[in-house]
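Residues per chain are reported as follows:
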Amino acid sequence: MKVGIGYDAHRFESGIPLWLGGVKIDFEFGLAGHSDGDVLIHAIVDSILGAAGLGDIGKHFPPGDPKYKGSSSLEFLSYTTELIGQSGWQVSNLDATIIAERPKIATLSRSMSEVISGALKIDESLINIKATTTDGMGFEGDGRGISAFAITMIENKL
């Protein structure tokens, strides 16, 4: 067994869709980023890569690379799943937290878990997604963006 942690944060930007956990959310702002800005998926990818000792998301998907411009972060997650699978590793547990004052996320956690379980090729019961606020503190609390943490355990299935 190995464990990795991931973190990501993006500021809000108008005129783009908001993607979190692979789910499009009806909201007045999206998250700025070279890809779709999905902070939850980015944190999960970093936690998996960290557990496997394979660097970070920027190493595999450089933010300046034009081929990733506007990409779905789910593509990054699927690639990462395949990458660790080549060495016999598989995600055995995922716990993630979204930090946002708004929009309210709690009712969307199940949908996110369903999408993420498909990309990871694991049972949804191995995924826990939750959300919290900062009670008005920091950039999340000021309503300027969203951040996410993820902790992932991987096991070798060989």
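My aim in this report is to walk through the structure given alongside it, one point at a time. (Residues numbered from 1 in each chain as written. Predicted model: local features only at pLDDT ≥ 70, side-chain atom pairs only at ≥ 80, totals over all residues. Heavy atoms only, no water.)

**Concerning the nonpolar core**
Okay, step 1: Among the nonpolar cores identified, the biggest contains 41 residues, and Leu20, Met112 and Ile116 are the most heavily contacted of them.
Okay, step 2: Looking at this core, the elements with two or more residues in it are strand E2 (18-20), strand E3 (23-25), helix H1 (39-52), helix H3 (73-85), strand E5 (89-99), helix H4 (109-120), strand E6 (127-132) and strand E7 (145-156).
Okay, step 3: With ten residues, the top contributor of residues to this core is H1.
Okay, step 4: Contact partners of Ile116, with chain neighbours within four places excluded, come to Gly21, Leu40, Ile41, Ile44, Leu77, Leu94, Ile127 and Ile129. (Core = buried A, V, L, I, M, F, W, Y, C linked by side-chain atoms within 4.5 Å. Buried < 20%, exposed > 50% of the residue type's maximum accessible area, 1.4 Å probe, protein only. Helix = DSSP H or I, 4+ residues; strand = E, 2+ residues; numbered from the N terminus. Contact = heavy atoms within 4.5 Å.)

**Observations regarding the pattern of salt bridges**
Okay, step 1: Summed over the entire model, instances satisfying the criterion amount to eight salt bridges.
Okay, step 2: In this structure, the salt-bridge partner of Arg102 is Glu28, at a minimum N-O distance of 2.7 Å. You can see Arg102 sitting in the loop between E5 and H4 and its partner Glu28 sitting in the loop between E3 and strand E4 (29-31), a full 74 residues away along the chain.
Okay, step 3: What makes Arg102 partly exposed here is its relative accessible area of 32%.
Okay, step 4: Under the relative-accessibility criterion, Glu28 is labelled exposed at 51%.
Okay, step 5: The partner of Glu82 in a salt bridge is Lys121, and the shortest N-O contact between them spans 2.3 Å. Linking Glu82 in helix H3 with Lys121 in the loop between H4 and E6, this pair joins segments that are 39 residues apart in sequence.
Okay, step 6: You can call Glu82 partly exposed: its relative accessible area is 41%. (Salt bridge = Lys/Arg side-chain N within 4 Å of Asp/Glu carboxyl O.)

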